Amino acid sequence: MKKFQTISTVILLLLAIGCKNKNEKQATQTGAVQTGGVAITATEMETASAIYFDRCAGCHGATRKGATGPSLLPDGDGKYPATKVLGSVGLRAFIENGTPNGMPEWRGILSEPEIELLTRFLQVEPPAIPPLEMADIKKTWNLIVPVEQRPTAPQHKRNINNYFGVIMRDAGKVAIIDGDTKEKLAVLKTGFAVHILRPSASGRYFYSIGRDGKISMIDLYPAEPVVVAEVKTAFDARSVDVSKYNGDKGNFLDKYIIAGGYNPSQFVIFDAQTLEPLSVTKTSGEACDGAKEFIEEARVASIVASHTDPLWVVNVKETGMVWLVDYTNPQSPNCTKIPTERFLHDGGFDADGKNFMVAANASDKIVVIDVPNKKLNKIVKVGSKPHPGRGANIKNSLGKLWATCHLGDNRVSFIKTDEGTGQWTVVKEVTCPGNGGGSLFLKSHPKSKHLWVDRTLNPDSTLNSCVDVFDVNTFKHVKKIKTPEGVNGRLVHIEYNQKGDEVWISAFMGKQSALLIYDDRTLALKKVIKDDWVENPTGKFNVYNTVHDIY
Ligand code: DHE
């Protein structure tokens with residue numbers, strides 16, 4: 001079936017390229033746009049922009065210049081074909097079937113009229129992105145519970161360190177679950193299609209960031225956690241982190257937070273207690289490779305807080321520049337910019353918490369930043385389109401290894417991070433069973449002998465509904481975890497509990513979504529949470545592990 005789909009994609013594409021359009025563009029007086037034979041009204045443009053923003057912009061860019069996915073420009077960019085040349089038939093083939101490189105098939109998720117509309121939208125010029133300045137951000141700031149009205153100690157006897165914040169993606173909600181008892185403590189309305197959560201350095205607060213750039217600050221001290229402040233940082237965003245440094249240059253625990261914007265391309269620093277915005281810094285600029293090209297859409301991808309210095313590592317996708325942002329003067333932060341590789345995406349620390357390992361997924365490389373010394377340490381070639389999440393740190397006879405999985409192939413690459421022969425090279429590779437990549441995340445824990453790898457975006461449903469488990473000492477594939485009876489969908493994102501003896505996985509994009517909890521020692525299913533409030537769960541963040549960068 002899958003082979004048939006791939007062949008039919010190629011045939012449709014060839015057919016489409018054979019029937020080139022005439023390409024004159026006209027803008028009508030009603031705001032409608034006509035390019036060659038393709039017309040789109042102003043209302044359709046608005047609807048299509050919203051679908052594109054929700055489903056496509058993350059990989060292809062809001063200005064459609066490409067990033068993890070190829071560019072989608074009417075006249076092409078010299079590397080990828082013009083969408084006008086692909087035409088409606090060719091574009092439809094990709095949208096409906098996806099690609100083996102990790103683009104999901106949207107047939108069945110997008111409706112037929114939505115797909116048809118997108119094929120036209122992609123053949124006309126993309127709409128411009130408006131600015132979002134400090135004054136606009138301030139207007140969105142909503143301090144719901146002022147600091148002096150918040151409790152000064154937890155109002156319960158629970159272990160906050162083993163709380164999980166769980167994202168219900170499509171519902172725009174975050175559930176707070178007590179990891180010890182598995183009780184749901186609250187389901188809170190947050191931003192649209194929430195992307196990630198990060199806890200404050202003390203573990204008291206969770207900050208969520210929605211795809212719509214809305215930050216929600218959740219207080220875990222009340223018996224029922226509540227949202228205490230909100231603000232909008234961008235129109236489109238993916239990352240947020242807190243200040244974690246406590247040392248000779250000051251105590252910054254729970255002092256500031258930073259949020260990265262995809263659009264506009266900027267980061268904003270806020271007071272971590274109130275979410276009052278303090279400064280906005282644009283990230284547009286020259287690319288890492290010296291190309292004399294000013295890159296306007298320079299989106300902020302992953303952000304991580306250093307434990308050893310008052311710094312955030314801010315990874316700018318399109319320019320391939322890593323910014324080390326010193327927050328000791330948050331109104332005007334000092335930034336060290338390190339040229340690396342395009343396009344930067346996600347990453348995590350090595351086991352010593354010193355080197356940040358970030359995927360440059362258009363270059364098939366992992367960039368290693370020595371954070372305390374503020375310099376590029378190494379660039380390591382790995383498989384096709386690395387996508388580690390925060391990666392996984394394991395330790396065995398080869399030493400300390402940090403691992404990444406891949407969107408573009410089924411490899412897991414292990415990079416040696418401690419001193420000795422092979423340091424900063426791939427010293428081992430294993431493969432997940434079955435063709436193609438589609439892996440988004442992998443995870444381990446210092447107390448575990450297992451490494452768990454998902455295959456979420458693999459087009460084959462027998463693979464995307466499974467998670468592969470490897471033994472970290474022998475590198476042997478020990479089990480394929482399958483969705484249990486009564487649950488369906490794709491398995492995505494793995495998170496350990498505080499003790500490191502339990503693994504939580506989400507089943508999403510299916511009719512019966514759920515949270516699955518496994519015993520990490522026996523690999524047996526311990527619990528399925530699939531109550532009414534469980535709606536398309538994605539990321540899960542254990543307070544202790546996320547504060548301490550344990551993965
Ligand atoms: Fe993510 C992390 C961007 C699609 C779930 N995702 C990240 C990070 C970035 C990013 C930059 C790193 C944040 C950090 O550490 O500061 N993600 C993008 C995209 O641009 C992309 C490819 C397309 C899009 O339109 O957003 C994308 N991501 C997805 C999904 O489809 C997932 C599976 C579900 C969803 O939210 O739509 C998804 N991304 C996640 C999760 C993390 C993440 C759960 C955090 C992983 C962790 O363990 O820290």
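Residues numbered from 1 in each chain as written. Predicted model: local features only at pLDDT ≥ 70, side-chain atom pairs only at ≥ 80, totals over all residues. Heavy atoms only, no water.

Looking at the coordination of the iron atom of the ligand
Next, step 1: For the iron atom of the ligand, the protein contributes exactly one donor atom, H195 (NE2), at 2.1 Å.
Next, step 2: Within the secondary structure layout, H195 lies in the loop between β7 (184-189) and β8 (196-199). (Donors = N, O, S within 2.8 Å, 3.2 Å for Na, K, Ca; no water. Helix = DSSP H or I, 4+ residues; strand = E, 2+ residues; numbered from the N terminus.)

Observations regarding the side chain of D326
Next, step 1: Its location among the elements puts D326 in strand β22 (residues 321-326).
Next, step 2: No salt bridge is formed by the buried D326; its nearest oppositely charged neighbour, K374, is found at 4.7 Å.
Next, step 3: There is a polar contact of 2.6 Å between the side chain of D326 and the side chain of T328.
Next, step 4: Excluding residues that lie within four positions of it along the chain, D326 makes contacts with P310, L311, P333 and N334. (Buried < 20%, exposed > 50% of the residue type's maximum accessible area, 1.4 Å probe, protein only. Lys, Arg positive; Asp, Glu negative; His and termini not counted. Salt bridge = Lys/Arg side-chain N within 4 Å of Asp/Glu carboxyl O. Polar contact = N/O pair within 3.5 Å; in protein donor to acceptor, adjacent residues only side chain to side chain. Contact = heavy atoms within 4.5 Å.)

Some words on the packing of aromatic side chains
Next, step 1: Summed over the entire model, instances satisfying the criterion amount to 12 aromatic pairs.
Next, step 2: On the basis of an interplanar angle of 70 degrees and a centroid distance of 4.9 Å, the ring pair of F414 and F475 is categorised as edge-to-face. In this pair, F414 is assigned in strand β30 (residues 411-416) and F475 in the loop between β34 (466-471) and β35 (477-482), connecting sequence segments 61 residues apart. F475 shares its class with F414; the two are buried.
Next, step 3: Among the aromatic residues, those joined into a ring-pair cluster are Y245, F252, Y256, W312 and Y327.
Next, step 4: Positioned over the ring face of F121 is R64, at 4.9 Å from the centre of the ring.
Next, step 5: Above the ring of W323, the side-chain terminus of K337 is found at 4.4 Å from the ring centroid. (Phe/Tyr/Trp six-rings, centres within 6.5 Å; stacked < 30°, edge-to-face > 60°. Lys NZ or Arg CZ within 6 Å of the ring centre and 35° of its normal.)

Concerning the nonpolar core
Next, step 1: Judged by nonpolar contacts, the single largest core of 39 residues is most densely connected at I176, Y207, I215 and I257.
Next, step 2: Residues contacting I176, with those up to four places away along its chain left out, are Y163, F164, G165, E183, K184, L185, A186, L188, F206, I218, L220 and P225.
Next, step 3: Membership of the second largest hydrophobic core comes to 21 residues, among which are A287, I295, V316 and Y327. (Core = buried A, V, L, I, M, F, W, Y, C linked by side-chain atoms within 4.5 Å.)

Points about the sheet that holds strand β32 (residues 442-443)
Next, step 1: In spatial order, the strands read β32-β33-β34-β35; together these 4 strands make up an open sheet with antiparallel pairing. A strand with exactly one partner marks an edge of an open sheet, and here the two such strands are β32 and β35.
Next, step 2: Of the strand pairs in this sheet, strand β33 (residues 450-454) and β34 are connected by 5 bridges, and their pairing is antiparallel. Within the sheet, the bridge partner assigned to H450 lies in β34 and is D471. (Pairing = 2+ DSSP bridges.)

Details of the site of the ligand
Next, step 1: Close to the ligand lie 25 residues; R169, H195, R211, Y262 and R390 are nearest.
Next, step 2: Separating an oxygen atom of the ligand from a side-chain N or O atom of H493 is a distance of 2.7 Å.
Next, step 3: If you list the elements that add at least two residues to the shell around the ligand, you get α3 (57-60), β8, β12 (236-242), β20 (300-305), β24 (344-349), β36 (490-496) and β40 (537-542).
Next, step 4: Its residues assigned to classes, the shell around the ligand shows 10 nonpolar, 8 polar and 7 charged.
Next, step 5: Residues lining the shell around the ligand come from more than one domain, with at least three contributed by each of domain 2 (135-339) and domain 3 (432-551). (Near = heavy atom within 4 Å. Nonpolar A, V, L, I, M, F, W, Y, C, P; charged D, E, K, R; others polar. Domains from an automatic or database assignment.)

Here's the deal with the sheet that holds strand β5 (residues 163-168)
Next, step 1: Ordered in space as β7-β6-β5-β40, the 4 strands form an open sheet in which the pairing is antiparallel. The strands lining the two open edges of the sheet, one partner per strand, are β7 and β40. Recorded for the sheet is a direction-independent mean angle of 20 degrees between the axes of neighbouring strands.
Next, step 2: Judged from the 5 bridges that link them, strand β6 (residues 173-178) and β7 form a sheet pairing that is antiparallel. Considered in β7, the bridge of V174 is made with L188. (Axes fitted to C-alpha atoms, helices over the stretch in contact; angles between N-to-C directions.)

Thoughts on the environment of W533
Next, step 1: Tracing the backbone shows W533 in the loop between β39 (525-529) and β40.
Next, step 2: Here W533 falls in the buried class, since its relative accessible area comes to 16%.
Next, step 3: C-alpha separation for the pair W533 and K374, spaced 159 residues apart in sequence, amounts to 44 Å.
Next, step 4: Among residues more than four places away in sequence, those in contact with W533 are M168, A175, I177, K184 and V187.

Re the domain arrangement of the chain
Next, step 1: In terms of domain boundaries, the chain breaks down into domain 1 (2-121), domain 2 (135-339) and domain 3 (432-551).
Next, step 2: Between domain 1 and domain 3, the residue contacts involve 7 residues of the former and 6 residues of the latter.
Next, step 3: With both sides pooled, the region where domain 1 packs onto domain 3 buries about 590 Å², and carbon together with sulfur makes up 61% of that total.
Next, step 4: If you look at where domain 1 meets domain 3, you find 1 salt bridge.
Next, step 5: A salt bridge links R490 to E105, with the shortest nitrogen-to-oxygen separation between them at 3.5 Å.
Next, step 6: At the junction of domain 1 with domain 3, the criterion picks out 0 residue pairs in polar contact (both at pLDDT 80 or more).
Next, step 7: Of the residues in the side of domain 1 that touches domain 3, the class split is 3 nonpolar, 2 polar and 2 charged. (Buried area = accessible area lost by both parts, 1.4 Å probe.)

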